[in-house]
Amino acid sequence: MSDAVAVPSYSDLLWPTLRAVRDMGDSATIEEIVEKVIQLESFTEAQQAVQHGDGPRTELEYRLAWARTYLKGMGALDNSERGVWSTTELGRTMTAAEVESRHATYKAQLREARRAKRATQAEQDDELGGDASAGDWKERLLELLFEVPPDAFERLARRVLREAGFVSATVTGKSGDGGIDGIGVYRLSLVSFPVFFQCKRYRGSVGASAVRDFRGAMAGRGDKGLLITTGSFTAEAKQEATRDGAPPVDLIDGERLCDLLKEHKLGVRTIVRQVEEVELAPDFFDDL
């Protein structure tokens with residue numbers, strides 16, 4: 001992380017995160033929370049662009065994951081299996097001072113638990129919760145994508161699009177094509193329409209200018225665009241993608257790309273582990 005760009009610590013993001021969920025009606029997705037906190041705190045594009053390691057998350061997204069996890073441990077937030085975060089009864093009334101006080105108490109409890117259980121790396125992951133540690137496999141997956149040859153990555157991009165509902169996907173391979181890598185035909189029920197796409201391996205954050213350039217390359221050729229990156233998009237890029245009066249550009253970042261590969265079982269295998277629970281039935285012995 002660059003020393004020239006300061007990103008707030010997760011503890012400094014606790015209160016903004018809780019405020020963000022409240023402001024959106026006491027429930028929000030992770031993406032909505034991130035965008036709302038950026039708006040509330042007026043974070044710059046430079047701050048949004050700082051990567052956590054090699055990605056796919058930015059440092060800000062990573063620390064906001066910690067903030068959500070700690071707020072859950074403090075009893076202020078809860079989350080569903082679908083990734084929707086909501087305020088609890090306590091969270092709806094907490095003040096900034098109470099957040100700070102409860103955070104100190106919760107940290108003390110965690111330290112005591114670590115001493116009692118001999119904290120291992122696995123236990124530290126448990127303390128972070130699934131939200132903060134879920135990106136580990138995605139980071140490894142993206143590293144694999146950076147290692148494959150360019151032509152193999154192009155084949156994978158076409159495969160992902162076809163698995164997602166495209167009836168065709170062709171990579172243009174033309175230099176100086178204004179940022180357009182290819183065109184696909186997406187079929188939605190009885191209707192099909194062309195979609196221009198750009199799919200690049202990228203470790204940093206994509207800004208609003210890249211979205212504008214891509215849209216400009218589409219001008220006069222089509223009005224459907226799909227911009228895919230192994231990195232992330234700044235809040236300004238997301239706003240530009242849905243700007244009023246301009247053709248919308250759909251965005252897929254590294255997190256979503258990993259999810260698509262997992263969903264369509266492309267290089268990602270999900271293993272479901274069952275846990276056996278044994279219960280005693282004392283009544284059985286009474287009837288012997």
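Residues numbered from 1 in each chain as written. Predicted model: local features only at pLDDT ≥ 70, side-chain atom pairs only at ≥ 80, totals over all residues. Heavy atoms only, no water.

Caption draft 1: Representation of the overall build of the protein in the model. Within the protein one finds 12 helices and 10 strands. Within the protein, the proportion of its 288 residues that are buried is 39%. Long-range contacts, defined as pairs at least 24 residues apart, comprise 63% of the intrachain contacts of the protein with a sequence gap of at least 6. Working note: accessible area of the protein is about 16600 Å², and carbon and sulfur atoms make up 49% of it. (Helix = DSSP H or I, 4+ residues; strand = E, 2+ residues; numbered from the N terminus. Buried < 20%, exposed > 50% of the residue type's maximum accessible area, 1.4 Å probe, protein only. Contact = heavy atoms within 4.5 Å. Areas by Shrake-Rupley, 256 points an atom, 1.4 Å probe, with all protein chains shown as cover.)

Caption draft 2: Structural view of unusual backbone geometry. Of note in this structure, D26 is not a glycine but carries a positive phi near 70°. With respect to the secondary-structure elements, D26 resides in the loop between α1 (14-23) and β1 (27-29). The partly exposed category is assigned to D26, whose relative accessible area is 26%.

Caption draft 3: Inspection of the packing of helix α2 (residues 30-41) against helix α4 (residues 59-73) at higher detail. The contact between α2 and α4 brings their axes to 11 Å, and the two run at 110°. When the axes of α2 and α4 are compared, the pair comes out roughly perpendicular. Note on element contacts: α4 touches α2 through L60, E61, L64 and R68, opposite I30, I33, V34, V37 and I38. Its residues placed into classes, the contact of α2 with α4 shows seven nonpolar, no polar and two charged. (Axes fitted to C-alpha atoms, helices over the stretch in contact; angles between N-to-C directions. Parallel < 35°, antiparallel > 145°, perpendicular 65-115°, else oblique. Nonpolar A, V, L, I, M, F, W, Y, C, P; charged D, E, K, R; others polar.)

Caption draft 4: Main features of the pattern of salt bridges. Evaluation of the coordinates by the stated rule reveals 10 salt bridges. E255 is the salt-bridge partner of K138, the closest N and O atoms lying 2.9 Å from each other. Note that K138 is positioned in helix α7 (residues 136-147) and E255 in helix α11 (residues 254-263), a separation of 117 residues in sequence. For the pair K138 and E255, a shared accessibility class is recorded, and that class is buried. In this structure, the salt-bridge partner of R215 is E240, at a minimum N-O distance of 2.6 Å. Of the two residues, R215 sits in helix α9 (residues 208-218) while E240 sits in helix α10 (residues 235-241), which places them 25 residues apart along the sequence. E240 carries the same exposure label as R215, and that label is buried. Overlapping salt bridges bring together R57, K138, E255 and D259 as one network. (Salt bridge = Lys/Arg side-chain N within 4 Å of Asp/Glu carboxyl O.)

Caption draft 5: Seen up close, the side chain of K36. Here K36 lies in helix α2. For the buried K36, which has no salt bridge, the nearest side chain bearing the opposite charge is D23, at an N-O separation of 4.6 Å. (Lys, Arg positive; Asp, Glu negative; His and termini not counted.)

Caption draft 6: Structural context of the sheet that holds strand β10 (residues 249-252). Here we have five strands laid out as an open sheet, ordered β4-β5-β6-β8-β10, and mixed in their pairing. At either end of the open sheet lies a strand with only one pairing partner, and these are β4 (166-171) and β10. This sheet shows a mean twist of 25° between the axes of neighbouring strands, independent of strand direction. Here β4 pairs with strand β5 (residues 182-188) via five bridges, running antiparallel. Paired with F166 across the two strands is Y186, which belongs to β5. Contacting β6 (191-200), β8 (225-229) and β10, α9 crosses the sheet at an angle of about 140° to β8. The strands touched by α11 within the sheet are β8 and β10, with β10 carrying the most contacts at an inclination of about 75°. (Pairing = 2+ DSSP bridges.)

Caption draft 7: Examining α4 more closely. The terminal C-alpha atoms of α4 lie 21 Å apart, and with 15 residues this matches the ideal 21 Å at 1.5 Å per residue to within 8%. Counting buried positions along α4 yields 12 of 15 residues, so the element is predominantly enclosed. For α4, the set of buried residues is E59, L60, E61, Y62, R63, L64, A65, A67, R68, T69, Y70 and L71. Residue G75 follows α4 closely and has a positive phi angle near 85°. (Expected span 1.5 Å × (residues − 1).)

Caption draft 8: Up close: the sheet that holds strand β3 (residues 84-87). What the three strands build is an open sheet, ordered β1-β3-β2; its pairing is antiparallel. Across the chains shown, the open sheet's two edge strands, defined by having one partner strand only, are β1 and β2 (77-79). Each strand axis lies, on average, 25° off the axis of its neighbour in the sheet, ignoring direction. Relative to β1, α2 is tilted by about 100°, and along the sheet it contacts β1 and β3. Across the sheet, α4 is in contact with β2 and β3; its angle to β2 comes to roughly 110°.

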